[in-house]
Amino acid sequence: MIDLLERQLLFVTGKGGTGKTTVAAALGLLAAGTGRRTLVCEVEPKGDLSAAYECGPTPFEGRKVVALLTAMSMDTEASLREYLRMILRVPVVGRIGPVARAFDFVATAAPGIREILTIGKLCYEVRAQHYDLVVVDASATGHIVGQLAAPTGINELVKVGVVQSQTRWMLDILRDPARTGAVIVTTPEEMPVSEAVDLAGRLQQETPVHLACVIANRVLPELFGRGEEHVFDEIALPGRRAELARSVGAGDAEIAAVFAAASLAVTIRRDGAAHLEHLRRELADEVPLMYLPYLFGRAHGLRAIRRVAQSLGEEL
């Protein structure tokens, strides 16, 4: 297994709501803490990354979060401007204007152009060695395959010229498992696990990017062992429960609520464990499966990201 942080480009994806932004932000924080110059990029600029780091807006030019860690949000027009200026040597001042309108027309008629600008910007940062690691808060499972497959499609469609040469070096980066990997984030629930299994197969079959690992987020700890459950069953008997209520000065309804909550926690934990066992069976043996604990308390903001980063560090 190649250490995640030894790679140069990581795409973090997963079903919406599983915590992929949290994991991407935590990976960036962990990498920076180990001395790596790190960029975390939010592909769909909705402000989730800035909320995770509590750092304000993350522009295309980037914003320094902590030492060695920069955060940015993708902007396809800005990426086009950068491409025209740096790669094609076309001077661009102010808004692109007619070029942008022409680009919108071409992008609508030729699917994959916007994806190329997004993936191309990320690959360029790797190629230019501006950072030791680029972590991508990528699109959710419904769109990530199309984005990662776009360079292959364009490369096969355009056989000569500048576009073909550009996609060729991008593919060299994307296809190298020592440099690039995908990270799928899921939770121990039926739908997220099913989508993770499906996405793992599609990444292998339809994209050039290697699946680096799957991270199961919000995994409940084992709160009660079998022996403790036996004690709970004994105390839960009507006579015993009334005796316990008298001894602690609580009402029967309050005691019943505590036992109901404990029973629910055990049920959720066991259901989650079953889903994770299914996930492990469906994944290829060489794909690592990592676990992040459920955060009891605030699950957003820099304090939560630091806790997740610490857990990731223990898993790695």
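The rules behind these values
Residues numbered from 1 in each chain as written. Predicted model: local features only at pLDDT ≥ 70, side-chain atom pairs only at ≥ 80, totals over all residues. Heavy atoms only, no water. Pairing = 2+ DSSP bridges. Helix = DSSP H or I, 4+ residues; strand = E, 2+ residues; numbered from the N terminus. Axes fitted to C-alpha atoms, helices over the stretch in contact; angles between N-to-C directions. Contact = heavy atoms within 4.5 Å. Buried < 20%, exposed > 50% of the residue type's maximum accessible area, 1.4 Å probe, protein only. Phe/Tyr/Trp six-rings, centres within 6.5 Å; stacked < 30°, edge-to-face > 60°. Lys NZ or Arg CZ within 6 Å of the ring centre and 35° of its normal. Core = buried A, V, L, I, M, F, W, Y, C linked by side-chain atoms within 4.5 Å. Salt bridge = Lys/Arg side-chain N within 4 Å of Asp/Glu carboxyl O.

So, the sheet that holds strand S6 (residues 180-186)
Alright, step 1. Pairing in this open sheet of eight strands is mixed, and the strands run S3-S4-S2-S5-S1-S6-S7-S8 from one edge to the other. Edge positions in the sheet fall to strand S3 (63-66) and strand S8 (289-293), since each has one partner strand and no second. Each neighbouring strand pair of the sheet contributes to a mean axis angle of 25°, computed without reference to strand direction.
Alright, step 2. Bridge count between strand S1 (residues 9-14) and S6: six bridges; the pairing is parallel. Paired with Leu9 across the bridge in S6 is Thr180.
Alright, step 3. Where helix H8 (residues 190-206) meets the sheet, it contacts S1, S6 and strand S7 (211-219), and its direction lies at approximately 165° from that of S6.
Alright, step 4. Packing against the sheet, helix H12 (residues 302-315) makes contact with S3, S7 and S8, and its axis sits at approximately 145° to S8.

Structural notes on the pairing of strand S2 (residues 38-42)
Alright, step 1. Burial within S2 is extensive, with five of its five residues counted as buried.
Alright, step 2. Side chains Thr38, Val40 and Glu42 of S2 all project onto a buried face; the interleaved residues Leu39 and Cys41 project onto the opposite face, where all are buried too.
Alright, step 3. For S2 and strand S4 (residues 69-73), the ladder comprises five bridges, and the chain directions are parallel. The residue of S4 that forms the bridge with Thr38 is Leu69.

Examining the packing of aromatic side chains
Alright, step 1. Inspection of every chain in the model, using the stated rule, returns one aromatic pair.
Alright, step 2. A centroid spacing of 5.1 Å and a plane angle of 55° characterise the contact between Tyr294 and Phe296, whose relative ring orientation is tilted.
Alright, step 3. You can call Tyr294 partly exposed: its relative accessible area is 39%.
Alright, step 4. One Lys or Arg, Arg127, reaches over the ring of Trp169 and ends 4.4 Å from the middle of that ring.

Topic: the nonpolar core
Alright, step 1. Judged by nonpolar contacts, the single largest core of 45 residues is most densely connected at Leu9 and Phe11.
Alright, step 2. It is helix H5 (residues 113-127) that contributes the most residues to this core, six residues altogether.
Alright, step 3. Residues within four places of Leu9 in sequence aside, it is in contact with Leu122, Cys123, Val126, Leu133, Val134, Val136, Ile173, Leu174, Arg179, Thr180 and Gly181.
Alright, step 4. Counting residues in hydrophobic clusters, the runner-up holds 37 residues, among them Val23, Ala31, Cys213 and Leu292.

So, the pattern of salt bridges
Should the charged atoms of two oppositely charged side chains come close, the side chains can pair.
Alright, step 1. Counted under the stated rule, the structure contains seven salt bridges.
Alright, step 2. Its salt-bridge partner being Arg36, residue Glu6 comes within 2.7 Å of it at the nearest N-O pair. On the criterion of sequence distance, the pair formed by Glu6 in the segment before S1 and Arg36 in the loop between helix H1 (20-33) and S2 is long-range, its members being 30 residues apart.
Alright, step 3. Taking the shortest distance from any N to any O, the salt bridge between Asp137 and Lys20 comes out at 2.8 Å. Residue Asp137 is located in strand S5 (residues 133-137), and its partner Lys20 is located in helix H1; the two are separated by 117 residues in the primary sequence.
Alright, step 4. For Asp137, a relative accessible area of 2% gives the class buried.

Things to note about the environment of Ala51
Alright, step 1. By the element assignment, Ala51 lies in helix H2 (residues 48-53).
Alright, step 2. Judged by relative accessible area, which is 47%, Ala51 ranks as partly exposed.
Alright, step 3. Linking Ala51 and Leu302, residues 251 residues apart in sequence, is a C-alpha distance of 8.2 Å.

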